[in-house]
Amino acid sequence: MRKRVSLLSGLLLVYTSFATDIDLKKHATVINQESPEFLLGKETLPNIKIRAFDNPDMYINLGIRLQGTFENYKVDYTDPTKSDIDTMDAYLRRMRLEVGAGFSKKVSFTMDIRNDKANYQDKGEGTFNVGDAYLKIKKPFEKLGSLVNFKFYRAKIDVSRTETVKSAWVVHYDRPYVADESAQFISHNRRATNAQIYGDWNKKIHYQLAFGDAVYSGKFKDATEYKDLKSAGGSIIEQSYFYGGKIFISPFDGWEETKRTETYFGHGKHFEIGVGYWIVPKIKYKDPASNIHEIDRTLINYEMSAHYYGFFVQAEYFDFDGVVKDWITNQIGTSKGWYITLEHVLKNLYYIAPFIRHEEWDRWEGEGDYTLKSDIYGINWYLRGNTTKVGIAYQKDKYGQEIGDKKVTRIKVVSQWFF
């Protein structure tokens, strides 16, 4: 009798352990099961998701994003009276704690706390601030499927494809200069408090419409010195909401874009083209001499991206209207720029991926040499997809005569840890 009880107890213990293991696998997930097998294993999903046992539609997301850079930075001035610079720098390009919560099947909240560029040059340790912080309502109308969704509060507006792609999924951690300018030209960090509606039709046609808080004086820069209005001694007095939107399409069957990313690891294919239009109808500001000016700003963005298994290409063109030449004359004009990125993933060589990027940005059109040109040559090694990757890059920037008249070279050794 005792042997039977002991046997039943053992079977019950095994069953309980097995059932608990099944529940844990169901309610706490982190591995991307569709990921290729990299040298260090399968890629993880963005954040670990822990679901409630009594309501699986409710969950908590927790994750980290850590990007480190060791850099040799050199500045060579054309003017012989200026001293050249040659310095070594080590900093955390991005350091973030990511948190999310699911309130129901359709409603969730996403945010992150970040301290980017900690120890960058003479910046010191820096401070933490909030990045994303948005409420998402997914597919509220069943009959419309993925055609209508909503985001509220601090969510990115799609002023640029590379700026919209999660920084853990970009080919090179530092985005193009001209794209970074687009991120400040309409709305502070392209995510100042806003409301947006977005969606897609069968992954063929994607759109986003949004309005919200516009520019910030600490990122409202002129074309010549690239100095922000706040540090120059001016301020923004009043402004309207920004508004606008983007549409992009995947016209070819079997080539639909299903996720905004730059890293495909040599699998699948996609092709898309798009255009965005964004405007701030009124910005009234006080210059450093206390004179009052009123301008409007418009940004038009064209994008194209494609990949075919191991080959990836992405290009964008930016047209800025409402650029301030400098904070002394306050002359208003236009600016244009573009970039192209190419990457080739060598799947049979442990997912080593060489890439190049070329950029040209004329910060002030019509007179003088305000052109910034940048070239980057690098190699990424996807040890575990975007979860763990390392790389090295050589960058050479040339600033025109009116915007510094100098050459800057950088050699960077980078790494990323993300889940």
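Residues numbered from 1 in each chain as written. Predicted model: local features only at pLDDT ≥ 70, side-chain atom pairs only at ≥ 80, totals over all residues. Heavy atoms only, no water.

Caption draft 1: The arrangement of the overall build of the chain in detail. Each helix and strand in the chain was counted, giving four helices and 21 strands. Rg of the C-alpha trace for the chain: 24 Å, near the compact-globule value of 22 Å for 419 residues, within the 12% margin. Dimensions of the chain, computed from C-alpha atoms along their principal axes, come out at roughly 100 × 45 × 45 Å. Here the chain, with 419 residues, has 45% of them falling under the buried criterion. In the chain, the proportion of contacts linking residues at least 24 apart, taken out of those at least 6 apart, comes to 61%. Averaged over its 59 positive side-chain charges, the chain has a centre that lies 9 Å from the centre of its 55 negative ones. (Helix = DSSP H or I, 4+ residues; strand = E, 2+ residues; numbered from the N terminus. Rg over C-alpha atoms; globule rule 2.2 N^0.38 Å. Buried < 20%, exposed > 50% of the residue type's maximum accessible area, 1.4 Å probe, protein only. Contact = heavy atoms within 4.5 Å. Lys, Arg positive; Asp, Glu negative; His and termini not counted. Charge placed at Lys NZ, Arg CZ, Asp CG, Glu CD.)

Caption draft 2: Local environment of the packing of aromatic side chains. Throughout the structure, instances matching the rule amount to 20 aromatic pairs. Each ring, one from Y264 and one from F312, has its centre 5.9 Å from the other, and the planes form 40 degrees; the classification is tilted. Linking Y264 in the loop between β13 (242-249) and β14 (269-286) with F312 in strand β16 (residues 311-324), this pair joins segments that are 48 residues apart in sequence. Of the residues examined, Y264 reaches a relative accessible area of 16% and is grouped as buried. Residue class for F312 comes out buried when judged on its relative accessible area of 2%. Note on Y308 and Y309: the rings are 4.7 Å apart at their centroids and 85 degrees apart in plane angle, and the pair reads as edge-to-face. Grouped by ring-pair contacts, the aromatic residues F185, Y226, F318, F320 and W361 constitute a single cluster. (Phe/Tyr/Trp six-rings, centres within 6.5 Å; stacked < 30°, edge-to-face > 60°.)

Caption draft 3: Expanded view of empty space enclosed by the protein. According to the stated counting rule, one finds two cavities of 30 Å³ or more in the structure shown. Taken as a whole, the largest cavity encloses approximately 80 Å³ of empty space. As for the largest cavity, its lining consists of T162, V170, V171, H172, R175, P176, E262, Q314, Y339, T341, F355 and R357. Every element with two or more residues in the lining of the largest cavity is listed here: β17 (332-344) and β18 (352-362). The volume enclosed by the second largest cavity comes to roughly 70 Å³. Around the second largest cavity, the lining residues are E181, F185, K221, D222, A223, Y226, R297, F320, V323, S335, W361 and R363. Going through the elements one at a time, α3 (177-185) and β16 are the ones with two or more residues in the lining of the second largest cavity. The class makeup of the residues in the lining of the second largest cavity is six nonpolar, one polar and five charged. (1 Å grid on protein atoms, 1.4 Å probe; cavity = no way out; pocket = protein on both sides within 12 Å on 5 of 7 lines; lining within 4 Å. Points joined across faces, edges and corners; volume = space filled by probe spheres on them. Nonpolar A, V, L, I, M, F, W, Y, C, P; charged D, E, K, R; others polar.)

Caption draft 4: Spatial organisation of the pairing of strand β7 (residues 107-114). Here strand β6 (residues 85-102) runs beside β7; their pairing, made up of seven bridges, is antiparallel. Each bridged residue has a counterpart across the sheet, and for G102 the counterpart in β7 is S108. What sits between β6 and β7 in their antiparallel hairpin is a turn of four residues. Note that β7 and strand β8 (residues 129-137) share seven bridges and pair antiparallel. Following the sheet pairing, R114 is matched in β8 by N129. (Pairing = 2+ DSSP bridges.)

Caption draft 5: Geometry of the pattern of salt bridges. Using the criterion set out here, one finds 27 salt bridges in the structure. A salt bridge links E71 to K412; the shortest N-O distance between them is 3.7 Å. Of this pair, E71 sits in strand β5 (residues 59-77) while K412 is found in strand β21 (residues 406-418), placing the two residues 341 residues apart along the sequence. For the residue pair E71 and K412, the accessibility class agrees, reading buried in each case. Of the charged contacts in the structure, one is a salt bridge between D174 and R93, with a shortest N-O distance of 2.6 Å. Here the residue D174 occupies a position in the loop between α2 (161-164) and α3, and R93 occupies one in strand β6, the gap between them amounting to 81 residues. Of the two residues, D174 and R93, neither departs from the other in class, the shared state being buried. Among the charged side chains, a network of salt bridges with common partners joins D158, R161, K246, E257, R260, E272 and E303. (Salt bridge = Lys/Arg side-chain N within 4 Å of Asp/Glu carboxyl O.)

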